[in-house]
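Residue-level listing of the chains:
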There are 2 protein chains.
Amino acid sequence: MPATDVYEPTPLQPGTLRVIPIGGLGEIGRNMTAYEYEGKILIVDCGVLFPEEHQPGVDLILPDFAPIRDRLDDIVAVVLTHGHEDHIGAVPYLLRLRDDIPLVGSNLTLALVEAKLKEHRIKPYTHIVHEGQIEKLGPFETEFVAVNHSIPDALAVAIRTPAGLVLHTGDFKMDQLPLDERITDLRAFARLGEEGVDLFLPDSTNADVPGFTPLERDIGPVLENVIAKAKRRVIVASFSSHVHRVQQVLDAASRNGRQVALIGRSMIRNMGIAAELGYLRVPDDVLIDAKKAMKLPDEKVVFMSTGSQGEPMAVLARMANLDHQIEVGEGDTVILASSLIPGNENAVYRVINGLTKLGAKVVHKGNAKVHVSGHAAAGELLYCYNILQPRNVLPVHGEARHLTASAALAVETGVPELNTFIGENGIVLDLKDGLANVVGQLDLGYVYVDGSTVGEITDADLKDRRILAEEGFISIFVAIDKQTGRVIVGPEIQSRGFAEDEAVFDDVKPKIVAALSEAAQNGTRDQHGFAQVVRRTVGRWVNTQHRRRPMIVPVVIEA
Amino acid sequence: MPATDVYEPTPLQPGTLRVIPIGGLGEIGRNMTAYEYEGKILIVDCGVLFPEEHQPGVDLILPDFAPIRDRLDDIVAVVLTHGHEDHIGAVPYLLRLRDDIPLVGSNLTLALVEAKLKEHRIKPYTHIVHEGQIEKLGPFETEFVAVNHSIPDALAVAIRTPAGLVLHTGDFKMDQLPLDERITDLRAFARLGEEGVDLFLPDSTNADVPGFTPLERDIGPVLENVIAKAKRRVIVASFSSHVHRVQQVLDAASRNGRQVALIGRSMIRNMGIAAELGYLRVPDDVLIDAKKAMKLPDEKVVFMSTGSQGEPMAVLARMANLDHQIEVGEGDTVILASSLIPGNENAVYRVINGLTKLGAKVVHKGNAKVHVSGHAAAGELLYCYNILQPRNVLPVHGEARHLTASAALAVETGVPELNTFIGENGIVLDLKDGLANVVGQLDLGYVYVDGSTVGEITDADLKDRRILAEEGFISIFVAIDKQTGRVIVGPEIQSRGFAEDEAVFDDVKPKIVAALSEAAQNGTRDQHGFAQVVRRTVGRWVNTQHRRRPMIVPVVIEA
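Computed from a prediction, not measured in an experiment: that's the story for all the values here.

A word on the UniProt feature "domain: Metallo-beta-lactamase" (unreviewed entry) in chain A. The UniProt entry lists residues 29–223 of chain A under the feature "domain: Metallo-beta-lactamase" (unreviewed entry), expressed in the numbering used here. Between the end C-alpha atoms of residues 29–223 of chain A there is a gap of 29 Å, over a span that is 21% helix and 28% strand.

It is worth spelling out the packing of aromatic side chains at this point. What the rule picks out here adds up to twelve aromatic pairs over all chains. Arranged with centres 3.8 Å apart and planes meeting at 10 degrees, the rings of Phe-473 of chain A and Phe-473 of chain B form a pair that is stacked. In this pair, Phe-473 of chain A sits in strand S22 (residues 473–480) while Phe-473 of chain B sits in strand S22 (residues 473–480), so the two residues belong to two different chains. For Phe-473 of chain B, a relative accessible area of 0% gives the class buried. In this structure an aromatic cluster arises from ring pairing among Phe-498, Phe-505 and Trp-541 of chain A. Against the face of Tyr-349 of chain B rests Arg-401 of chain A, its NZ or CZ located 3.6 Å from the ring centre.

Laying chain A over chain B is done by rotating through 180 degrees and shifting 0.0 Å along the axis; what remains is an RMSD of 0.1 Å. Here the two chains are linked by the operation of a two-fold rotation axis. Ranked by how close their C-alpha atoms come to the rotation axis, the residues of chain A are headed by Ala-469 of chain A, at 2.4 Å. Counting the interface residues of chain A, we find that 100% of their copies in chain B are interface residues as well, pointing to one common contact surface.

This brings us to the packing of helix H12 (residues 378–388) of chain B against helix H13 (residues 400–412) of chain B. Residue and element names in this part refer to chain B. Between H12 and H13, the least distance of the axes is 9 Å, while the angle of their chain directions is 45 degrees. One element, H12, and the other, H13, form an angle in the oblique class. Where H12 crosses over H13, the two elements pack in a sense that is right-handed. On the side of H12, the interface is formed by Ala-378, Leu-381, Leu-382 and Tyr-385, while H13 contributes Ser-406, Leu-409 and Ala-410.

This part takes up the domain arrangement of chain A. All names here are of chain A. According to the domain assignment, chain A consists of domain 1 (17–211 + 374–450), domain 2 (216–364) and domain 3 (459–558). Once you take the C-alpha centre of each, domain 1 and domain 2 turn out to be 31 Å apart. With 18 residues of domain 1 at the contact, the number on the domain 2 side is 14 residues. Between domain 1 and domain 2, roughly 1,500 Å² of surface is buried when both sides are summed, and carbon and sulfur atoms account for 59% of that area. Of all residues in domain 1, the largest losses of buried area upon contact with domain 2 belong to Leu-108, Pro-152 and Leu-179, amounting jointly to 34% of the total for that side. Between domain 1 and domain 2 we count two salt bridges in total. Across the pair Arg-265 and Glu-119 runs a salt bridge, and its minimum N-O distance is 3.4 Å. For the side of domain 1 that touches domain 2, the class distribution of residues is nine nonpolar, three polar and six charged.

Residue and element names in this part refer to chain B. Spatial ordering of the open sheet is given by S14-S15-S13-S16-S17, a layout of five strands whose pairing is parallel. Since the sheet does not close on itself, it has two edges, and those belong to strand S14 (259–262) and strand S17 (361–364), each with one partner. Strand-to-strand twist across the sheet, computed as the mean angle between neighbouring axes with direction ignored, equals 20 degrees. One ladder, built from four bridges, connects strand S13 (residues 234–237) with strand S15 (residues 301–305); its direction is parallel. Looking across to S15, one finds that Ala-237 is bridged to Ser-305. In the packing of helix H6 (residues 219–229) onto the sheet, the strands contacted are S13, strand S16 (333–336) and S17, and the crossing angle to S16 comes to about 165 degrees.

Each partner contributes to the interface: chain A provides 61 residues, whereas chain B provides 61 residues. Counting each side, the surface lost to burial between chain A and chain B is near 5,800 Å², with a carbon and sulfur contribution of 57%. Remark: the boundary between chain A and chain B carries eight salt bridges. Here Lys-357 of chain A makes a salt bridge to Glu-424 of chain B, at a shortest N to O gap of 3.3 Å. Our enumeration of links across chain A and chain B arrives at 23 residue pairs in polar contact (both at pLDDT 80 or more). Broken down by secondary-structure element, the contributors of at least two residues to the side of chain A that touches chain B are helix H11 (345–357), helix H13 (400–412), helix H14 (459–471), S22, strand S23 (487–496), helix H16 (527–546) and strand S24 (551–558) of chain A. Counting residues per element, the side of chain A that touches chain B draws most heavily on H11 of chain A, at nine residues. The class makeup of the residues in the side of chain A that touches chain B is 23 nonpolar, 18 polar and 20 charged.

Any two side chains of opposite charge can pair if their charged atoms end up close together. Enumeration over the complete set of coordinates arrives at 55 salt bridges over all chains. Where Asp-450 of chain A meets Arg-465 of chain A, a salt bridge forms, and the shortest distance between an N and an O atom there is 2.7 Å. With Asp-450 of chain A in strand S20 (residues 447–450) and Arg-465 of chain A in helix H14, this pair connects stretches of sequence that are 15 residues apart. For Arg-465 of chain A, a relative accessible area of 0% gives the class buried. With a shortest N-O distance of 3.6 Å, Glu-471 of chain B and Arg-548 of chain B are connected by a salt bridge. Highlighted residues: Glu-471 of chain B in helix H14 (residues 459–471) and Arg-548 of chain B in the loop between helix H16 (527–546) and strand S24 (551–558), separated in sequence by 77 residues.

Moving on, we come to the sheet that holds strand S2 (residues 32–37) of chain B. Residue and element names in this part refer to chain B. Across the sheet, which stays open at both edges, the eight strands sit in the order S7-S6-S5-S3-S2-S1-S18-S19 with mixed pairing between neighbours. Strands at the two margins of the open sheet, each flanked by one partner only, are strand S7 (126–128) and strand S19 (435–441). Between one strand and the next, the sheet's axes are offset by a mean angle of 25 degrees, whatever the strand orientation. Relative to S7, strand S6 (residues 103–105) runs parallel, the two sharing three bridges.

Taking the UniProt record as the reference, the feature "binding site: Ca(2+)" (unreviewed entry) is found at Gly-57, Asp-59 and Asp-450 of chain A. Across 394 residues of sequence, these annotated residues stay compact in space, with a maximum C-alpha separation of 6.9 Å. As for its placement among the helices and strands, Gly-57 of chain A is situated in the loop between strand S3 (40–44) and strand S4 (60–62). Gly-57 of chain A gets classed as buried once you look at its relative accessible area, which sits at 10%. Excluding residues within four positions of it along the chain, Gly-57 of chain A makes contact with Asp-450 and Arg-465 of chain A together with Ala-469 and Glu-470 of chain B.

Each value, and the rule that gives it
- Residues numbered from 1 in each chain as written.
- Chains lettered and ligands numbered in written order.
- Predicted model: local features only at pLDDT ≥ 70, side-chain atom pairs only at ≥ 80, totals over all residues.
- Heavy atoms only, no water.
- UniProt positions renumbered as here; feature names shortened; annotations may be inferred.
- Helix = DSSP H or I, 4+ residues; strand = E, 2+ residues; numbered from the N terminus.
- Phe/Tyr/Trp six-rings, centres within 6.5 Å; stacked < 30°, edge-to-face > 60°.
- Buried < 20%, exposed > 50% of the residue type's maximum accessible area, 1.4 Å probe, protein only.
- Lys NZ or Arg CZ within 6 Å of the ring centre and 35° of its normal.
- Least-squares fit on C-alpha atoms with pLDDT ≥ 70 in both.
- Contact = heavy atoms within 4.5 Å.
- Axes fitted to C-alpha atoms, helices over the stretch in contact; angles between N-to-C directions.
- Parallel < 35°, antiparallel > 145°, perpendicular 65-115°, else oblique.
- Left-handed = near helix turned anticlockwise from the far one by under 90°.
- Domains from an automatic or database assignment.
- Buried area = accessible area lost by both parts, 1.4 Å probe.
- Salt bridge = Lys/Arg side-chain N within 4 Å of Asp/Glu carboxyl O.
- Nonpolar A, V, L, I, M, F, W, Y, C, P; charged D, E, K, R; others polar.
- Pairing = 2+ DSSP bridges.
- Polar contact = N/O pair within 3.5 Å; in protein donor to acceptor, adjacent residues only side chain to side chain.

Structure, rendered in structure tokens:
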């Protein structure tokens, strides 16, 4: 991907609002935006990004905190729009830097982030807000607006400073008949539009999807129909935070005389929180403990689990491998009530094939209407652009293709093209008197979490890992007399991922010995020089003989 | 995936036809089936499978030739149904074992396989057949039937022996208005059905797709419309063997006053063959050399390339990276006129995002009707099952979910469930007097091509590669006195993909020294024992300190 030119932002002028998207531009994930006014910083969201296949072994990717790392004391609050990982997942890593940054969000959002922080042994300062509420956070007057999404209690946030009015949607869609009757508050959008929105930051994930996202409640009858027809056990897999999807499964099960066992740690934890706070209405006697559920007759039970993305360690993949106490068999029905996140296809199809071979009927997005997206499609975004008539637009939450599509929609509704900004993470946008200008571009990177390490794994390590994955390695140890280049110990050759049979190296060992001696004769004396000789000798041999390019790791010791 | 029980087949009885699918069951790729009768073997197709992300570094996967490896002289011919890689790609590897096995297929199919074999410096024995032709191949009477697919000149093959009549479709669909007017010959299917099909092996790739595959010719107007509206250059990417798709691009370009440059070695080679044999009709003056095309005005040119699957080294990905002489810019139009093969999503979206950032408009399957599948969907398969009324069905060419869906369609048309066989590679099916029985299950593996090696890379190597990719490695060299365990040289520690900073190992070196000395005191004397001590010491340290599990490669030498 061509890199954007990096340049230092101009100094922030008084009375000007600075906006820096730290994550979420050019990617779906690690959403985080910093707003600065008169020396104070307000952060909206702080999420993680999940790695792709070219980032092997990485657990999570964090936003690059560089723009705020030296300004931690200036942060007045972190506003969290909703409780999804790509919006709250990096909060623990931010609070490790300063643990008393106040967290502001809805009841459910804060409950979910607190449960997460508990695992990191952090007890945060939290402040619950509701839709319609106005809250002064330092110099920022924030107003919270109800929005509808695939998790309850999501909020958009309007940010007022003397520099202007900003509307930041967070994730949203405009389901007009949501299960909890909490619609995206278009009246509030209209009122803000009347007031004059100077900058609009809309969720652009589905901006390239024509039309409208279907209703969540259209899924209920499909689920109910599949469950009603099932003769034996039913297993439903979805996201562990999708309260409304689980609600529909509980209702459908209840109406079909089945009990539901929640399976998987995150599913049990999140639904416990949702039920306790009243977001999940559990019909009487529907929930049952997994152990008891396994003793129920097959036609009386539904297992509700995670693993809908084919994650190898999650419940569903283990079931497909017969590596779970719930043994899927002939006549069982498995429903994948979720999206298929790009990149997970092979993993998901492996799970579907495994379950099919065990005799299960697998119902998924590809053959039944068991999922709808949580994001506004192009048709919905047009409503927003028209009712808001924003002066400036900075599409967020999307890859380049999504941001570009969202900006094009803005232009179609009359926003001047010059006032739409398709940016990358680190773009610095200053706003004053209704005018927005790009005044800088920071160089932000990826921060990888791997095991207990944060930021220690670099892009260079990942490049090494990709080479290792493609080709394996050959390590060569040799101890030599540095005057003569004579080999005293070795060459000892180890390899992994290259070839099973170590005898293949018998060929190259005498070549190494000869090359070292020749190098010494030609005046090589230093360790590095001898190591290069070994690398070249083995590299040439392996390329000629095997047409391969494994990583070559020589260790030469002078004895 | 649960492994199927392997068992030796019963001896083949006289007058009985044995069918062994060697590849293509449980996967999309490396299609190959062996038919044996009275000591002679007929092979249908010999293709490759492309690796998935859990098979890093592998170039190709071949069928496991084990069932025929010791029977090469009994092979009477290889029938090739059509010229796609998953049906012809492994032919060079089979001919390396015996280069005079006759290849039988249509004109285009054999031309493509000959071009491929030329690269392997093999000149094969070929025999061209046409639809309607009956050909005696050893004890097998074969009859060839025209079928429609995403490459011209595809053939199904009916195989008659005294044991019964088999129909093997190869890949096909039933486009009723194909560009070349060569439809799947349902009259021939009807005639074979009247005669009595004892075993039917249908392409099952799209058996789980409801309805009918749309017409290829529906794409033409869409392409033409996009090209007509384009203000600057147009780049179309598709598969390099998709003659009819290229035909539609040539026609659309010609009607819009544009010339077309073919880009990429395989595209140029295949279209050269197709044009020479008359399968591609090139409008006058439409084709132009790439170098000349680059000098044409932007609105006068179409580049037709490969790389529609996001392959990093292919033309399109390089264009997206500005790493190709054709520089994509503002206002250019890129059309991905192809399917999105599962597993390639992230790579393809990376390319789309890159092109979008360069200012191109990207038209693809997700936002326009620029691709249709080459395989029969469920509705079409029902026509086949009904017109053939086969006694037995062995669905081929599909993953478990596809084979299961195909068998279910057979059952819906009246084939008894007991007569449908959902198998894995190596299933042994004997046919006589209209009765088919499974009589064995061979244990067939994956044969990996990596560089110039075939079969040297094993599943154990791939497991190592996956660990290396996820975690990297730490190699530790140490030379010790084996009596005292005293370290004489080292510990020298090298790592890749683990951490950039080698200073992290300062911590563990004294632990290694101490552990070796303690082991010697406790009686350890052998190299293997000392190596285990090093492995355990480093493993425990890295797990406790870093919560990681890199591969640990100790080398202990006794000095």
